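For reference, the chains in residue letters:
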Amino acid sequence: MANKALQRKMDRLLLLEEQGKLSSSNTSRTLRKLSANPLAIIGLVLFILMFLACIAAPLISSYGPNTIDLRNRLVPPGEGHLMGTDQIGRDIYTRILYGGRISIFVGLGSALGAALIGVSLGTYAGYRRGLLDATVMKVSEIMMSFPQIILVSILVTIVGQSLWNLLLIFILTGWPSMYRMARSQMLSIREQEYIQALQAFGINKFVISFKHMLPNAIGPIFVNITLSTAMFILQEAALSFLGLGVPLEQATWGNILNVAQDLNILRDAWWVWLPVGLVITIFVMAINFIGDGLRDAADPTQVG
């Protein structure tokens, strides 16, 4: 009885496929699973809202990020200043909006740059193996043997503080993890039968690795990019808090937190550091929610 019911179900599926009505792609399946994840949707909404608010900062706030007003120093949150002012009268709300532009740019730009280098090397070297793979693997192991925040701090001290220096340093220190992730994916995919068939037909190795293998690893790569973005934003905030990140004259989330080193402000003017701390926390959590949702949606072992 069960076999007959299964046979009827398979016949229906075959009929739908022949009629072209069964055309659900992997992309639609991924989007469907992502939309069914409430935390991923919350994270995506928060990310979009905060990103758009930072982009539209000149339309939202009438103040400038570096406008000094010594007559309104350390004013608590109120009607004139939604989140108060800092020790030299700059509007905290405005600085958070403008600072988000740079912090998000550093985080997302560093993650994309590191992914471009790491995934490119991992895709080709992981498929090709040999001397290239061994050499790049050793370089990545050496770089990953140092704690990244310490390595970044040393390099910032050597080359100097600037937005572009920090971006370049994050990319140069962030690609090894991307490389190892892409390489592990390629080592698994290269053993599949369709790759062996392509090799038998004499297809160019570059074409096989980037055209036929890389698309099958794009899910984990996107997940890694989102998580790396959150990591780089936190690293920029930590370095700027220590005075080693973006120069202090530029508004970033980390530079706003830098004033929390003053114990008097930390104790008596909570509005100077607490709002930006909450913004960083919420934004990083939103990115992590998106990354977790993408990971679950791209996982073929998850049914749905």
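Residues numbered from 1 in each chain as written. Predicted model: local features only at pLDDT ≥ 70, side-chain atom pairs only at ≥ 80, totals over all residues. Heavy atoms only, no water.

*Asks:* Explain the overall build of the protein chain here, please?
*Replies:* For the protein chain, the helix and strand inventory stands at 14 helices and 0 strands. Scanning the protein chain from its N terminus toward the C terminus, one meets helices and strands in the order α-α-α-α-α-α-α-α-α-α-α-α-α-α. Split into buried and exposed, the 304 residues of the protein chain put 39% on the buried side. Within the protein chain, counting contacts between residues at least 6 apart in sequence, those at least 24 apart form 71% of the total. (Helix = DSSP H or I, 4+ residues; strand = E, 2+ residues; numbered from the N terminus. Buried < 20%, exposed > 50% of the residue type's maximum accessible area, 1.4 Å probe, protein only. Contact = heavy atoms within 4.5 Å.)

*Asks:* Help me understand the packing of aromatic side chains, please; the structure alone is not making it clear to me.
*Replies:* For any pair of aromatic rings, geometry is given as the distance between the ring centres together with the angle between the planes. Evaluated as defined, the whole model comprises 9 aromatic pairs. Both rings, one in Phe105 and one in Trp164, keep their centres 5.7 Å apart while their planes meet at 80 degrees; by these two values the pair is edge-to-face. Of this pair, Phe105 sits in helix H5 (residues 92-128) while Trp164 sits in helix H8 (residues 163-189); the two residues are 59 residues apart in sequence, bridging distant segments of the chain. Accessibility expressed as a relative area gives 57% for Trp164, which makes it exposed. Here Phe170 and Phe232 contribute two aromatic rings whose centre-to-centre distance is 5.1 Å and whose plane-to-plane angle is 35 degrees, an arrangement assigned as tilted. Residue Phe170 is located in helix H8, and its partner Phe232 is located in helix H11 (residues 218-241); the two are separated by 62 residues in the primary sequence. (Phe/Tyr/Trp six-rings, centres within 6.5 Å; stacked < 30°, edge-to-face > 60°.)

*Asks:* Teacher, can you tell me more about the pattern of salt bridges here?
*Replies:* It is possible for side chains bearing opposite charge to pair when their charged atoms get close. Taken as a whole and assessed by the stated rule, the structure comprises 6 salt bridges. For Asp86, the salt bridge goes to Arg90, with nearest N and O atoms at 2.7 Å. Among the residues examined, Asp86 registers a relative accessible area of 2% and is labelled buried. Arg129 is the partner of Asp133 in a salt bridge, and the nearest nitrogen-oxygen pair spans 3.2 Å. What makes Arg129 partly exposed here is its relative accessible area of 34%. Each member of the salt-bridge network shares a partner with another, and the members are Arg129, Asp133 and Arg183. (Salt bridge = Lys/Arg side-chain N within 4 Å of Asp/Glu carboxyl O.)

*Asks:* Mind showing me how you'd approach the packing of H5 against helix H6 (residues 130-144) here?
*Replies:* For any two helices packed against each other, the geometry is given by the interaxial angle and the distance between the axes. For the pair H5 and H6, the least separation of the axes is 7 Å and the interaxial angle reads 130 degrees. With respect to each other, H5 and H6 are oriented oblique. Like other packed secondary-structure pairs, H5 and H6 cross with a definite hand, here left-handed. On H6, the residues touching Leu121, Tyr124, Ala125, Gly126 and Arg128 of H5 are Gly130, Leu132, Asp133 and Val136. Residues of the contact of H5 with H6, tallied by class, amount to 5 nonpolar, 2 polar and 2 charged. (Axes fitted to C-alpha atoms, helices over the stretch in contact; angles between N-to-C directions. Parallel < 35°, antiparallel > 145°, perpendicular 65-115°, else oblique. Left-handed = near helix turned anticlockwise from the far one by under 90°. Nonpolar A, V, L, I, M, F, W, Y, C, P; charged D, E, K, R; others polar.)

*Asks:* It is not clear to me how the packing of helix H7 (residues 148-159) against H8 should be interpreted in this structure. Could you clarify?
*Replies:* Packing of H7 against H8 brings their axes to within 10 Å, and their N-to-C directions diverge by 140 degrees. By the angle between their directions, the pair H7 and H8 is classed as oblique. Relative to H8, the crossing made by H7 is right-handed. Between H7, through Gln148, Leu151, Val152, Leu155, Val156 and Val159, and H8, the contact on the second element is made entirely by Asn165, Leu166, Ile169, Phe170, Thr173 and Gly174. Each residue belonging to the contact of H7 with H8 can be placed in one class, and the counts come to 8 nonpolar, 4 polar and no charged.

*Asks:* Can you walk me through the nonpolar core in this structure?
*Replies:* One recurring pattern in soluble globular proteins: nonpolar side chains tend to sit buried together. Counting residues in each nonpolar core, the largest one holds 26 residues, and the members touching the most others are Val152, Leu166 and Phe170. Of all the elements in the fold, those that place two or more residues in this core are H5, H6, H7, H8 and H11. Considering every element that reaches this core, the biggest residue donor is H8, with 9 residues. Setting aside its immediate chain neighbours within four residues, Phe170 contacts Val106, Ser110, Gln148, Val152, Phe232, Gln235, Glu236 and Leu239. Among the nonpolar cores identified, the runner-up in size contains 22 residues, and Met50, Ile104, Ile256 and Ile280 belong to it. (Core = buried A, V, L, I, M, F, W, Y, C linked by side-chain atoms within 4.5 Å.)

*Asks:* Please clarify how H7 should be interpreted in this entry.
*Replies:* Spacing of three or four residues puts side chains on the same side of an α-helix, whose turn is 3.6 residues. With 12 residues, H7 should reach 16 Å at 1.5 Å per residue; the first-to-last C-alpha distance of 16 Å fits that figure. Listed in full, the buried residues belonging to H7 are Leu151, Val152, Ser153 and Val156. Lining the buried residues of H7 we find H6, H8 and H11. Looking one or two places after H7, you find Gly160, whose phi comes out positive at around 100 degrees. (Expected span 1.5 Å × (residues − 1).)

*Asks:* Help me understand unusual backbone geometry, please; the structure alone is not making it clear to me.
*Replies:* Of all residues except glycine, most have a negative phi; of all peptide bonds, most are trans. Phi angles above zero are rare outside glycine, and Leu74 is one such case at about 50 degrees. With respect to the helices and strands, Leu74 occurs in the loop between helix H4 (57-60) and H5. Leu74 gets classed as partly exposed once you look at its relative accessible area, which sits at 29%. Although it is not a glycine, Arg129 adopts a positive phi angle of roughly 60 degrees. With respect to the secondary-structure elements, Arg129 resides in the loop between H5 and H6.

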